[in-house]
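The residues making up each chain are set out below.
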Amino acid sequence: MVLEQKRGIESIDLNQTFVFVKAPIETVASAFVRVRQADRWEQDVYDREIVTTGQGFIVFQFQEQTWTSIYNFGFVPGCTPLDKKDTQTLSSLLQTRTVYYRVSDTGGYIGYELYENGNFIETLDFEEDISFYFQSQNRQLQREDMGSVYGFIYDFMVEQDIYIPAIRRVENQQGYVRLLGPELENLERSDFERIDYLTLG
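The structure presented is a predicted model; accordingly, all values stated were derived computationally and were not measured.

**Thoughts on the sheet that holds strand β2 (residues 15-21)**
Here's step 1: The nine strands are arranged β3-β14-β5-β6-β2-β7-β8-β9-β10 in an open sheet whose pairing can be described as antiparallel. Two strands in the sheet have a free side with no partner beyond their single neighbour: β3 (40-42) and β10 (131-136). Ignoring which end each strand starts from, the neighbouring axes of this sheet average 15° apart.
Here's step 2: Bridge analysis of β3 against strand β14 (residues 192-200) gives three bridges, and the strand direction is antiparallel. Along β14, the bridge assignment pairs Glu42 with Tyr197.
Here's step 3: The strands touched by helix α2 (residues 84-94) within the sheet are β2, β6 (68-73), β7 (97-104), β8 (109-116) and β9 (119-127), with β8 carrying the most contacts at an inclination of about 20°.
Here's step 4: Its contacts with the sheet place helix α4 (residues 149-160) against β7, β8, β9 and β10, and it is angled at close to 30° to β8.

**Re the pattern of salt bridges**
Here's step 1: All chains considered together, the criterion is met by ten salt bridges.
Here's step 2: Across the pair Asp161 and Arg7 runs a salt bridge whose closest N-O atoms are separated by 2.5 Å. Taken together, the residues Asp161 in the loop between α4 and β11 (163-164) and Arg7 in the segment before β1 (8-9) connect sequence positions 154 residues apart.
Here's step 3: We note a salt bridge from Arg97 to Glu116, for which the minimum N-O separation is 2.7 Å.

**As for the environment of Met146**
Here's step 1: Tracing the sequence through the fold places Met146 in helix α3 (residues 143-146).
Here's step 2: Under the relative-accessibility criterion, Met146 is labelled buried at 9%.
Here's step 3: Beyond its immediate stretch of four places on either side in the chain, Met146 contacts Leu124, Phe132, Phe134, Leu141 and Phe152.

**Considerations on unusual backbone geometry**
Here's step 1: Positive phi is not limited to glycine here, since Gln95 has a value of about 50°.
Here's step 2: Looking at the element boundaries, Gln95 is found in the loop between α2 and β7.
Here's step 3: A positive phi is found at Asp161, a non-glycine position, where the angle reads about 75°.
Here's step 4: Accessibility expressed as a relative area gives 28% for Asp161, which makes it partly exposed.

**What to know about the pairing of strand β5 (residues 55-62)**
Here's step 1: Among the eight residues that make up β5, eight are buried, leaving the element largely enclosed by the rest of the structure.
Here's step 2: The pairing of β5 with β14 spans eight bridges and is classified as antiparallel. In the sheet register, Val59 faces β14, and the bridge partner there is Asp196.
Here's step 3: For β5 and β6, the ladder comprises five bridges, and the chain directions are antiparallel. From the neighbouring strand, Ile58 faces β6, where its bridge partner is Tyr71.
Here's step 4: Taking the residues between adjacent antiparallel strands as the criterion, β5 and β6 are bridged by five residues, where Glu64 takes a positive phi near 65°.

**Some words on the nonpolar core**
Here's step 1: The biggest cluster of nonpolar side chains holds 36 residues, and the ones touching the most others in it are Phe60, Val99, Tyr101, Tyr112, Leu124, Ile153 and Met157.
Here's step 2: In contact with Ile153, not counting residues within four places along its chain, are Ile9, Tyr101, Ile110, Gly111, Tyr112 and Leu124.
Here's step 3: With 18 residues, the next largest nonpolar core counts Ala29, Ala38, Val59 and Tyr100 among its residues.

Criteria and thresholds
- Residues numbered from 1 in each chain as written.
- Predicted model: local features only at pLDDT ≥ 70, side-chain atom pairs only at ≥ 80, totals over all residues.
- Heavy atoms only, no water.
- Pairing = 2+ DSSP bridges.
- Helix = DSSP H or I, 4+ residues; strand = E, 2+ residues; numbered from the N terminus.
- Axes fitted to C-alpha atoms, helices over the stretch in contact; angles between N-to-C directions.
- Contact = heavy atoms within 4.5 Å.
- Salt bridge = Lys/Arg side-chain N within 4 Å of Asp/Glu carboxyl O.
- Buried < 20%, exposed > 50% of the residue type's maximum accessible area, 1.4 Å probe, protein only.
- Core = buried A, V, L, I, M, F, W, Y, C linked by side-chain atoms within 4.5 Å.

Rendered as structure tokens:
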């Protein structure tokens, strides 16, 4: 399947946090810079090695896809990683739909939160063998109605027209980082509208 046709979740066997915004990358990156008061905004960094300092975020949009992805890249003490507040703020600021998504294979956790025009629509939080929470403004579902929670969330992302790639950090000895890891090395610059890198602190 070609990239433009991919939807859903590539893998849950990793730790990832995303905010998805249904708007073009230039609009989303510019808004996120203002919301987070980013110190540095590097545009079009496809397959470049760049120095990473402070809390970093990758912002990218695939060709022929309507959502822009903000990917939480590492963590620095004292800096706030991507969270649900970012998701709601961007939804309100840009008057569009946004989704917060987090998965942890080490913690056995997966969940999402959906907003539209700044308004809460739906959330699901699931921790394997520990907890389950679902709330929605549009539908009433019980745990037993969903079958596999992982399958339910996969289908939710497909319904939203979202594709979640598997991204891992790849770092060399000089402290630079190549933004495309092994899982995405077959992609070309032409597969993206753009990839940007933002830094806090």
